[in-house]
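# A look at the structure
Residues per chain, in single letters:
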Amino acid sequence: MRPRVRLAVAIVMLSLAIGPPAVSSAEIPLDQRRSAYQDMSRDNKAMQDDDTSNPGMLAVLDGEALWAAKSGGSGKSCADCHGDAKTGMKGVAARYPAFDAASGGPVNLEQRINISRQQDQKAQAFAYEGKEMLALSAYVAMQSRGEPIAPHDDARLAPFIEKGRAQFNQRQGQLNLSCAQCHDDNWGKSLAGNTIPQAHPTGYPIYRLEWQSLGSLQRRLRNCMIGLRAEPYAYGAPEYVDMELFLMWRARGMKVETPAVRP
Amino acid sequence: MAARTLINVPPKAKRGEVIQIKTLISHIMETGFRHDNVGSPIPRDIITSFVCTYNGEKIFEATLYQAIAANPFVTFHTVATESGTFALQWTGDNGFTQEASAKITVE
């Protein structure tokens with residue numbers, strides 16, 4: 001091989017090894033967005049659509065009881081301050097994560113519930129991903145079912161949406177993949193027999209048949225990170241909340257399905 | 001938290017009509033085959049039987065095993081013969097028992 005050709009080959013090899021710098025994928029046009037619901041089997045759709053066959057509704061019943069249960073040093077229930085969740089909580093989950101002035105950043109629905117438990121009810125915080133937290137967040141989020149996802153138009157949230165977006169486009173883990181490479185660039189194609197969804201968080205907390213239980217969006221994000229062989233963050237980490245914020249912004253206008261069923 | 005149930009029985013039916021009954025109950029259905037993070041076995045905790053009676057007469061019975069997923073969903077059909085009550089009962093490990101009922105009007 002002549003030296004010049006060898007040099008050219010070396011440059012090609014080097015650029016392949018490094019890969020394109022900070023892949024910026026094309027975002028999905030708003031009118032082409034679809035919920036993973038649309039890609040489910042007829043049986044799974046039927047399971048979600050019927051409130052007497054949707055297992056997420058069992059947790060919603062628990063959440064309804066928690067909403068009315070007096071708790072903590074204040075001796076008050078959620079309902080004592082917020083009233084009937086059916087009216088008071090309508091559309092609330094569709095606006096989360098929201099800016100929290102006290103912490104100077106976004107908080108998600110679960111964190112807001114715990115802030116209220118600790119500060120207003122003088123009660124112990126619910127454990128992340130615990131049965132109570134899932135039940136109460138499912139009950140609150142279900143009041144927004146059918147409402148469009150509408151993140152607050154708050155300038156203070158903008159830098160956190162950008163952080164979430166950067167994470168979404170950041171290659172990570174041993175597989176060196178970004179979220180965007182699957183969910184922006186290759187949605188609709190197959191990955192090991194499953195249709196790659198667009199990753200819109202329309203129905204959280206979801207009842208996932210694989211989990212045989214309800215799970216939060218952060219559990220789902222952990223799941224994906226483990227799949228990338230990246231080290232997942234701890235539950236409630238600000239990185240996850242930024243990501244949730246970005247994903248909700250990305251799904252703005254889509255309808256809330258909570259409690260959704262997913263395979 | 002106590003077990004939750006969701007029952008779907010049509011509130012009205014014509015005499016002789018075949019109706020569908022759908023039941024869902026919250027239960028972990030722990031198989032007994034799994035181990036926890038320190039290697040000790042997690043004891044079995046499943047629902048073992050489900051019975052449905054229609055005005056006191058047994059019309060459906062099922063035995064459940066470890067292979068059934070959490071929150072068992074059991075659905076079956078029967079003929080609406082007269083107005084009355086469907087009584088549903090689930091029993092399982094560790095003294096688990098749960099009852100629910102639904103009324104139907106047959107015209």
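Residues numbered from 1 in each chain as written. Chains lettered and ligands numbered in written order. Predicted model: local features only at pLDDT ≥ 70, side-chain atom pairs only at ≥ 80, totals over all residues.

## Thoughts on the overall build of chain A
- The number of helices and strands found in chain A is 11 helices and seven strands.
- When its C-alpha atoms are laid out on the principal axes, chain A stretches across 85 × 45 × 30 Å.
- In chain A, of all internal contacts separated by at least 6 residues, the share reaching a separation of at least 24 is 73%. (Helix = DSSP H or I, 4+ residues; strand = E, 2+ residues; numbered from the N terminus. Contact = placed C-beta atoms within 7 Å.)

## Notes on the overall build of chain B
- Scanning chain B from terminus to terminus reveals zero helices and eight strands.
- Starting at the N terminus and walking to the C terminus, you meet the elements of chain B as β-β-β-β-β-β-β-β.
- Along the longest, intermediate and shortest principal axes, the C-alpha atoms of chain B span 60 × 25 × 20 Å.
- The buried share among the 107 residues of chain B stands at 21%. (Buried ≥ 20, exposed ≤ 12 C-beta atoms within 10 Å, placed from the backbone.)

## Re the sheet that holds strand β5 (residues 206-208) of chain A
Residues and elements named next belong to chain A.
- The strand order across the open sheet formed by three strands is β6-β5-β7, and the pairing between neighbours is mixed. Every interior strand has two partners, whereas the edge strands, β6 (213-215) and β7 (261-262), have only one.
- The pairing of β5 with β7 spans two bridges and is parallel. Bridging from a neighbouring strand, R208 pairs with R262 of β7. (Pairing = 2+ DSSP bridges.)

## Thoughts on the sheet that holds strand β7 (residues 84-92) of chain B
Residues and elements named next belong to chain B.
- Reading across from one edge, β2-β8-β7-β4-β5 is the order of the five strands in this open sheet, with mixed pairing throughout. The open sheet is flanked by β2 (12-13) and β5 (57-63), the only strands paired with a single partner.
- Judged from the eight bridges that link them, β7 and strand β8 (residues 97-106) form a sheet pairing that is antiparallel. In the sheet register, T91 faces β8, and the bridge partner there is T97.

## Things to note about the interface of chain A and chain B
- With 10 residues of chain A in contact, the opposing surface of chain B contributes 12 residues.
- Broken down by element, the side of chain A that touches chain B gets its largest block of residues, four residues, from helix α3 (residues 56-68) of chain A.
- Considering only residue class, the side of chain A that touches chain B consists of four nonpolar, four polar and two charged. (Nonpolar A, V, L, I, M, F, W, Y, C, P; charged D, E, K, R; others polar.)

## With respect to the pairing of strand β3 (residues 18-25) of chain B
Residue and element names in this part refer to chain B.
- Where strand β1 (residues 5-8) meets β3, four bridges bridge the pair, whose relative direction is antiparallel. Following the sheet pairing, I7 is matched in β3 by T23.
- Taken together, the seven bridges between β3 and strand β6 (residues 73-79) define a ladder with antiparallel strand orientation. Of the residues in β6, the one forming a bridge with V18 is V79.

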